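Chain by chain, the residues run as shown.
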Amino acid sequence: MAATGVRLDLDGRPIKPMTICMIGAGGFIGSHLCEKVLFETPHKILALDVYNDKIKHLLEPETQTWADRIQFHRINIKHDSRLEGLIKMADLTINLAAICTPADYNTRPLDTIYSNFIDALPVVKYCSENNKRLIHFSTCEVYGKTIGSFLPTDSPLRQDPSYYVLNENTSPCIFGSIEKQRWSYACAKQLIERLIYAEGAENGLEFTIVRPFNWIGPRMDFIPGIDGPSEGVPRVLACFSNNLLRRQPLKLVDGGQSQRTFVYIKDAIEAVLLMIENSARANGHIFNVGNPHNEVTVQQLAEMMTEVYSKVSGEPPLESPTIDVSSKEFYGEGYDDSDKRIPDMTIINRQLGWNPKTSLWDLLESTLTYQHRTYAEAVKQAISKPVAS
Ligand SMILES: NC(=O)c1ccc[n+]([C@@H]2O[C@H](COP(=O)([O-])OP(=O)(O)OC[C@H]3O[C@@H](n4cnc5c(N)ncnc54)[C@H](O)[C@@H]3O)[C@@H](O)[C@H]2O)c1
Ligand SMILES: O=c1ccn([C@@H]2O[C@H](COP(=O)(O)OP(=O)(O)O[C@H]3OC[C@@H](O)[C@H](O)[C@H]3O)[C@@H](O)[C@H]2O)c(=O)[nH]1
């Protein structure tokens, strides 16, 4: 499990063990990245987060073979003077901390903007001032809507990839009006990307920016009323998992016609490890990380998840597995949506030789097996409890 022997980078050079300051290590992506680093490399992790439930298995018991390579620091980066010291102790900082659930963007726009821009500023500043490398997590949402979405619906140009495939260096960032507060997140992420890029250009900051395209897998978000608030609205994987576990129809926002490409978290983490260990190839770049072959409409995702869940749980699917709901009813005023998200893979292929491997069916099968094993019993008990009058 632990790394033995000399490990080589993509150019055949030995990889030196490093210390990584991972901010947001207790989240969905952070938990998978911690596992990867601890199980397959000799690197050390300073894990910073407000929560650690998703990495408890890595922190306890302290007799684990990797125990001396991970240290958890319960820190809110909004206001903690220890942040600079921890960044100074590390060779590389990875910033994952963010509010990143769409239900928050239009209902808590101030928290969203502070979290994704203001709170990330000191991290960038400390890395730049102390000559430390930074890998910053942005989002595919910075692309916003596709150019093609503004063409007439019957225009043949809508079939032309140059109107919808999203490229790091050539695609524009197209957001809705200010009253569409959905875009508060994308806009804050875009500005922090521009700031990091400028720190690179003017002050020599060594940086890599990651734009994840809907990474999904075990430990993503929470199941409302089980390990998160009953009224909370997580991202689509957890919303649909919750519906399936409770045998409720899956809610299709505005008919579920938006399209997404989903990539398995374990494939995506391989790309991040390549960035960590190949700094010369990754520095100064922005990388799309997604799976262009796994494109579906949200309605197709709902249908596939219903079929896969029936297979892994042994329960028959509902007679009417989906129901339409308006975005205003589901997310509230100010919601808007990205129409389509296909990542151009040219840059990550050229720099790191990375390609995703897992099909949508296979990644849903392993993820929903996990959801069923982890939550089915707890949901059954929660449903059977009498409701307080
Ligand atoms: N999962 C995806 O598909 C996806 C897609 C696009 C972008 N991203 C980006 O990747 C990053 C990680 O996403 P995730 O899916 O793991 O989300 P997540 O919510 O599971 O993880 C974020 C973690 O950051 C922590 N955090 C937030 N604010 C903090 C603060 N002030 N101080 C300390 N810790 C704080 C949270 O407690 C959480 O554990 C985010 O920046 C997100 O915008 C993710
Ligand atoms: O129950 C649901 C939940 C969601 N949806 C729809 O499913 C689609 C995907 O929703 P998600 O919750 O995964 O969020 P989005 O893909 O829109 O944004 C995400 O993209 C990348 C990251 O930056 C963030 O994690 C998040 O902003 C949206 O069209 C949404 O309206 C439903 O139809 N029903």
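Thresholds applied
Each chain carries its own residue numbering, running from 1 in the direction its sequence is written. Going through the entries in the order they are written, you letter the chains from A and number the ligands from 1. For a predicted model such as this one, the threshold for reporting local features is a pLDDT of at least 70, and the threshold for listing and counting side-chain atom pairs is 80 or more; totals across whole chains, interfaces and linings nevertheless cover every residue. To obtain the side-chain values, all non-hydrogen atoms of the structure were used and water was disregarded. Strands here are runs of E lasting at least two residues and helices are runs of H or I lasting at least four, both read from the DSSP assignment and numbered beginning at the N terminus. Here a salt bridge means any side-chain nitrogen of Lys or Arg lying within 4 Å of a carboxyl oxygen belonging to Asp or Glu. Classification of residues uses two cut-offs on accessible area relative to the type maximum, computed with a 1.4 Å probe and protein chains only: under 20% is buried, over 50% is exposed, and between them is partly exposed. What makes two strands pair is DSSP finding at least two bridges between them. Under this scheme, a helix contributes an axis fitted over its contacting stretch, all axes are lines through C-alpha atoms, and angles between N-to-C directions fall in the 0 to 180 degree range. Contact definition: two residues touch when any of their heavy atoms are within 4.5 Å. UniProt positions are given in the numbering used here, feature names are shortened, and annotations may be inferred rather than shown by experiment. An angle below 35 degrees is treated as roughly parallel, one above 145 as roughly antiparallel, one from 65 to 115 as roughly perpendicular, and anything else as oblique. Less than a right angle of anticlockwise turn of the near helix away from the far helix marks a crossing as left-handed, whereas a clockwise turn marks it as right-handed. Each residue gets one label: Ala, Val, Leu, Ile, Met, Phe, Trp, Tyr, Cys and Pro are nonpolar, Asp, Glu, Lys and Arg are charged, and the others, such as Gly, are polar. Residues enter patches when they are more than 30% accessible in relative terms and free of salt bridges; like-charged ones are connected within 9 Å and nonpolar ones (Val, Leu, Ile, Met, Phe, Trp, Tyr) within 5 Å. Here the open area of atoms and residues is found with the Shrake-Rupley method and a 1.4 Å probe, where only the protein chains shown may cover a residue. We call a residue near a molecule or strand as soon as one heavy atom of that residue lies within 4 Å of the molecule or strand. Counted as a polar contact is a pair of N or O atoms within 3.5 Å, where, for protein atoms, one must be capable of donating a hydrogen and the other of accepting one, and residues adjacent in sequence contribute only when both atoms are in side chains.

Undergrad: Any chance you could explain unusual backbone geometry here in plain terms?
TA: Trans peptide bonds make up most of the peptide bonds, and negative phi angles are found at most residues other than glycine. Residue Pro 61 follows Glu 60 across a cis peptide bond; omega there is -10°. Unlike most non-glycine residues, Arg 219 shows phi in positive territory, near 70°. When you line up the elements, Arg 219 lands in the loop between β8 (215–216) and α8 (236–246). A positive phi angle, near 60°, is found at Asp 221, a position not held by glycine. Take Asp 221: it is sitting in the loop between β8 and α8.

Undergrad: I'm lost on the pattern of salt bridges in this one. Help?
TA: Side chains bearing opposite charge may pair, as long as their charged atoms lie close to each other. Scanning the entire structure with this criterion turns up 23 salt bridges. With its nearest N and O atoms 3.3 Å apart, the salt bridge here joins Asp 9 to Arg 13. Overall, the relative accessible area of 12% leaves Asp 9 in the buried class. As a salt-bridge pair, Arg 235 and Asp 221 come within 2.8 Å of each other at their nearest N and O atoms. Placement of Arg 235 in the loop between β8 and α8 and of Asp 221 in the loop between β8 and α8 is noted, with a sequence separation of 14 residues between them. Since its relative accessible area comes to 21%, Arg 235 is described here as partly exposed. The structure contains a network of salt bridges with shared partners spanning Glu 141, Arg 182, Arg 260, Asp 337 and Arg 341.

Undergrad: Looking at this model, I keep getting lost on the sheet that holds strand β7 (residues 207–212). Mind explaining?
TA: Across a sheet, paired strands are connected by hydrogen bonds in the backbone, their directions being either parallel or antiparallel. If you walk across this open sheet you meet the 7 strands as β3-β2-β1-β4-β5-β7-β12, and the pairing is parallel. With one partner strand each, in any of the chains shown, β3 (70–74) and β12 (285–289) form the two edges of the open sheet. Direction aside, the axes of adjacent strands within the sheet are offset by 15° on average. The strands that helix α1 (residues 28–40) touches are β1 (19–23), β2 (44–49), β3, β4 (92–95) and β5 (133–137); relative to β1, the one it contacts most, it runs at about 165°. The strands that helix α7 (residues 184–203) touches are β5, β7 and β12; relative to β7, the one it contacts most, it runs at about 160°.

Undergrad: Before we go on, may I ask you to explain the UniProt feature "domain: NAD-dependent epimerase/dehydratase" (unreviewed entry) in the protein in this structure?
TA: With numbering matched to this structure, UniProt assigns "domain: NAD-dependent epimerase/dehydratase" (unreviewed entry) to residues 20–290. Secondary structure within residues 20–290 divides into 35% helix and 18% strand; the distance between the first and last C-alpha atoms comes to 24 Å.

Undergrad: Would you take a moment to explain the packing of helix α11 (residues 298–313) against helix α14 (residues 360–384) for this structure?
TA: When two helices pack together, their arrangement is captured by the angle between the axes and the distance separating the axes. Across the interface, α11 lies against α14 with an axial gap of 9 Å and an inter-helix angle of 55°. Compared by their axis directions, α11 and α14 come out oblique. As for the relative orientation of α11 and α14, their crossing is right-handed in sense. Along its contact with α11, which presents Leu 301, Met 304, Met 305, Glu 307, Val 308, Tyr 309, Lys 311, Val 312 and Ser 313, the element α14 presents Leu 360, Trp 361, Leu 364, Glu 365, Leu 368, Thr 369 and His 372. Residue composition of the contact of α11 with α14, grouped by class: 10 nonpolar, 3 polar and 3 charged.

Undergrad: I would appreciate a short explanation of a nonpolar patch on the surface in the present structure.
TA: Where nonpolar side chains cluster on the molecular surface, the patch consists of Leu 110, Tyr 114 and Ile 118 and spans about 310 Å² of accessible area. Within the element layout of this structure, Leu 110 appears in helix α5 (residues 109–116). You can call Leu 110 exposed: its relative accessible area is 61%.

Undergrad: Teacher, can you tell me more about the packing of α8 against α11 here?
TA: Running from N to C, α8 and α11 point in directions that differ by 45°, and their axes come no closer than 11 Å. The angle between α8 and α11 places the two elements in the oblique class. Between α8 and α11 lies a crossing whose hand is right-handed. Along the contact surface, α8 presents Val 236, Leu 237, Phe 240, Ser 241, Leu 244 and Leu 245, while α11 presents Val 298, Leu 301, Ala 302, Met 305, Thr 306 and Tyr 309. In terms of residue class, the contact of α8 with α11 is made up of 10 nonpolar, 2 polar and no charged.

Undergrad: What's the story with the site of ligand 2 in this structure? I'm lost.
TA: Near ligand 2 you find 23 residues, and of these Tyr 105, Thr 139, Glu 141, Tyr 185 and Asp 337 are the closest. One of the side-chain nitrogen or oxygen atoms of Arg 182 is found 3.0 Å away from an oxygen atom of ligand 2. Taking Asn 214, its side chain carries an N or O atom lying 2.9 Å from an oxygen atom of ligand 2. If you list the elements that add at least two residues to the shell around ligand 2, you get α4 (102–105), α8, β9 (250–253) and α12 (327–331). For the shell around ligand 2, a count of residues per class yields 13 nonpolar, 3 polar and 7 charged.

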